[in-house]
Amino acid sequence: MKKNGFTVVELVAAFALTMIISIFLFEVLIDVKDIFIETSIKTNIEERLSIISKNIKYNVPEKGISSVTCDAKSCTITKDGTSKIITIENDEVIIAGQHFKMPEDVTIKAKTINNKCVDSDCYINVKMTLTNENLSSDYEYNVLYYYTKN
């Protein structure tokens, strides 16, 4: 006698195996989605910080600065009688009147700007800790801008 088809036991076993494989694939998909979101946020942060760095570098020339005064969240840079201010407020960096906001849902948790000089060799240190609920750890931004004082 010829039997065509599957028994109920074979169908249940095939269905169970398919479900187990689907569950593992779904868990991998969720992990990949989380990695994609975190990478996307870090990329957006790095793009924004790159723009901020270029603007700060443009406004902190290597030579000819007559004075720099900094407090915890801002610096005033004076060259040839003209002052430019770099400020970190709330979730944005303000450079010479231009506002650079952090990407959506990214907050600046800690911020400091300070100025140090040894003789005529000086630097401005800009430090920020950025956070987002989808990041596994805080993002640290710490950059030095060197200049020589008149």
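For every chain, the first residue of the written sequence is number 1, and numbering continues from 1 along that sequence. It should be noted that, the model being predicted, local features are given only for residues of pLDDT at least 70 and side-chain atom pairs only at 80 or more, the latter also being counted only at that level, while totals for whole chains, interfaces and linings use all residues. The side-chain figures draw on all heavy atoms in the structure; neither hydrogens nor water molecules are used.

For the rest of this paragraph, the subject is the overall build of the protein chain. A count of helices and strands for the protein chain gives one helix and eight strands. Mapped from its N terminus to its C terminus, the protein chain presents α and β elements in the order α-β-β-β-β-β-β-β-β. Its C-alpha atoms put the protein chain at 105 × 25 × 20 Å along the principal axes. Classification of the 150 residues of the protein chain by burial places 29% in the buried group. Elements are defined by DSSP. Helices are runs of H or I of four residues or more, strands are runs of E of two residues or more, and each kind is numbered from the N terminus. For every residue, the accessible area (1.4 Å probe, protein chains only) is compared with the maximum for its type, and the residue is labelled buried under 20%, exposed over 50%, or partly exposed between those bounds.

One fewer than the residue count of a helix, multiplied by 1.5 Å, yields its expected span. Here helix 1 (residues 8-59) is 52 residues long and its end C-alpha atoms lie 76 Å apart, about the 76 Å a rise of 1.5 Å per residue gives. Looking only at helix 1, the buried set comprises Glu38, Ile41, Ile45, Leu49, Ile52, Ser53, Asn55, Ile56 and Asn59.

Time to look at the environment of Ser67. Relative to the helices and strands, Ser67 is located in strand 1 (residues 65-70). Sequence separation of Ser67 and Gly81 is 14 residues, and the distance between their C-alpha atoms is 9.7 Å. The criterion used for residue contact is that any of the two residues' heavy atoms lie within 4.5 Å. Setting aside residues no more than four positions away along its own chain, Ser67 makes contact with Thr76, Ile77 and Thr78.

Now for the nonpolar core. Residues enter a nonpolar core if they are buried and are Ala, Val, Leu, Ile, Met, Phe, Trp, Tyr or Cys, with the set joined through side-chain atoms within 4.5 Å. Core analysis: the biggest nonpolar cluster contains 29 residues, and Leu49, Ile52, Val60, Ile124 and Leu130 have the highest contact counts within it. Discounting residues that sit within four places of it in the chain, Leu49 has contacts with Met102, Met128, Leu130, Tyr139 and Tyr141.

This brings us to the state of the cysteines. Note on disulfides: each one is a pair of cysteine sulfur atoms within 2.5 Å. According to the stated counting rule, one finds two disulfides in the structure shown. Residue pairing for Cys70: its cysteine sulfur links by disulfide to Cys75, the two sulfurs lying 1.7 Å apart. Across the S-S bond linking Cys70 and Cys75, the dihedral sits near 105°, which makes this disulfide right-handed. Judged by its relative accessible area of 1%, Cys75 is buried. Each sulfur in the disulfide pair Cys117 and Cys122 lies 2.0 Å from the other. Of note, the bridge from Cys117 to Cys122 carries an S-S torsion of about 115° and is right-handed in sense. Cys117 gets classed as partly exposed once you look at its relative accessible area, which sits at 36%. Given a relative accessible area of 1%, Cys122 falls into the buried group. What links to what in the protein chain: the bonded cysteines, counted in sequence order, pair as 1-2, 3-4.

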